[in-house]
Every structure is written in structure tokens, then in C-alpha cells.
Amino acid sequence: MSAITIDETVEAQVRAIVADALELEEELTSTGLFVDEYGADSLAAIELLSTLEKTFGVTIEQDELPKMVNLEAVLEVLSRAAAR
């Protein structure tokens, strides 16, 4: 599996996936907390995980899910998953 370079294009893709999974209408910030600021629930988190895996062809371990608290963290998890 090849590493994913987190560039502006990938970040924009991930931002769109997160916004869709969380059903956001407002602007998603890099550090905005999904649960506290956007009202995310566990179903949205699982949908996010699944969509990221399908889109980027990676496997993200379930234990990474609690670490995916904001956009920055999602990008870090995605980068680690791609490096495996």
C-alpha cells in the first residue's frame, strides 16, 4: 500500500467527506471538534470511516475511530493508515 500525500487536494476531499458525513451546512474548521462543535454521533463516525476507506483504498483500524476528533486528526489517521 502506498502512502497518501496529504496535499491541498486530499485535504479538500477529506473535508468534503467529513462535511457530508456530519451533514454540515456551516464551515468545517481544521480543529473544530466533531462531537462538541458539530454534534456528530457514532453513526456519523462509522460512515466517515467507511467512506475514507473506500475513497482512499485504505484500512483504518477501529481503534483509530476515537482519535478522529477533528479534521486535523482525521488527516493524521488517514496518513498512518496509508503508510501501513
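Everything numeric in this text was worked out from a predicted model, so none of it was measured. (Residues numbered from 1 in each chain as written. Predicted model: local features only at pLDDT ≥ 70, side-chain atom pairs only at ≥ 80, totals over all residues. Heavy atoms only, no water.)

### Details of the overall build of the chain
So, step 1. Summing up its helical and strand segments, the chain has four helices and zero strands in all.
So, step 2. Each helix (α) and strand (β) of the chain, taken in turn from the N terminus, gives the series α-α-α-α.
So, step 3. For a compact globule of 84 residues, the expected C-alpha radius of gyration is about 12 Å, and the chain comes in at 12 Å, within 12% of that figure.
So, step 4. In terms of overall dimensions, the chain has C-alpha extents of about 35 × 25 × 20 Å along its principal axes. (Helix = DSSP H or I, 4+ residues; strand = E, 2+ residues; numbered from the N terminus. Rg over C-alpha atoms; globule rule 2.2 N^0.38 Å.)

### Things to note about helix α3 (residues 42–56)
So, step 1. Between the first and last C-alpha of α3 there are 21 Å, a value that for 15 residues agrees with the 21 Å anticipated at 1.5 Å per step.
So, step 2. Buried residues of α3: Ala44, Leu48, Leu49, Leu52 and Phe56, and no others. Projected down its long axis, α3 shows its buried positions confined to an angular sector of 140°, all on one face. What points out from α3, more than 90 degrees from its buried face, is the exposed set Ser42, Leu43 and Lys54.
So, step 3. Looking at the buried side of α3, the elements it contacts are α1 (8–21), α2 (34–38) and α4 (71–83).
So, step 4. Where α3 begins, the capping side chain belongs to aspartate 41, and its oxygen is found 3.3 Å from the backbone nitrogen of leucine 43.
So, step 5. A positive phi of about 65° marks glycine 57, the residue just after α3. (Expected span 1.5 Å × (residues − 1). Buried < 20%, exposed > 50% of the residue type's maximum accessible area, 1.4 Å probe, protein only. Arc of directions from axis to C-beta. Contact = heavy atoms within 4.5 Å. Polar contact = N/O pair within 3.5 Å; in protein donor to acceptor, adjacent residues only side chain to side chain.)

### As for the environment of arginine 15
So, step 1. Position of arginine 15 among the secondary structure elements: in helix α1.
So, step 2. C-alpha of arginine 15 to C-alpha of glutamate 53: the two residues are 38 residues apart in sequence and 14 Å apart in space.

### A look at the UniProt feature "domain: Carrier" (unreviewed entry) in the chain
So, step 1. Under the present numbering, the feature "domain: Carrier" (unreviewed entry) in UniProt falls on residues 5–82.
So, step 2. Secondary structure across residues 5–82 comprises 59% helix and 0% strand; the distance between its end C-alpha atoms is 9 Å. (UniProt positions renumbered as here; feature names shortened; annotations may be inferred.)

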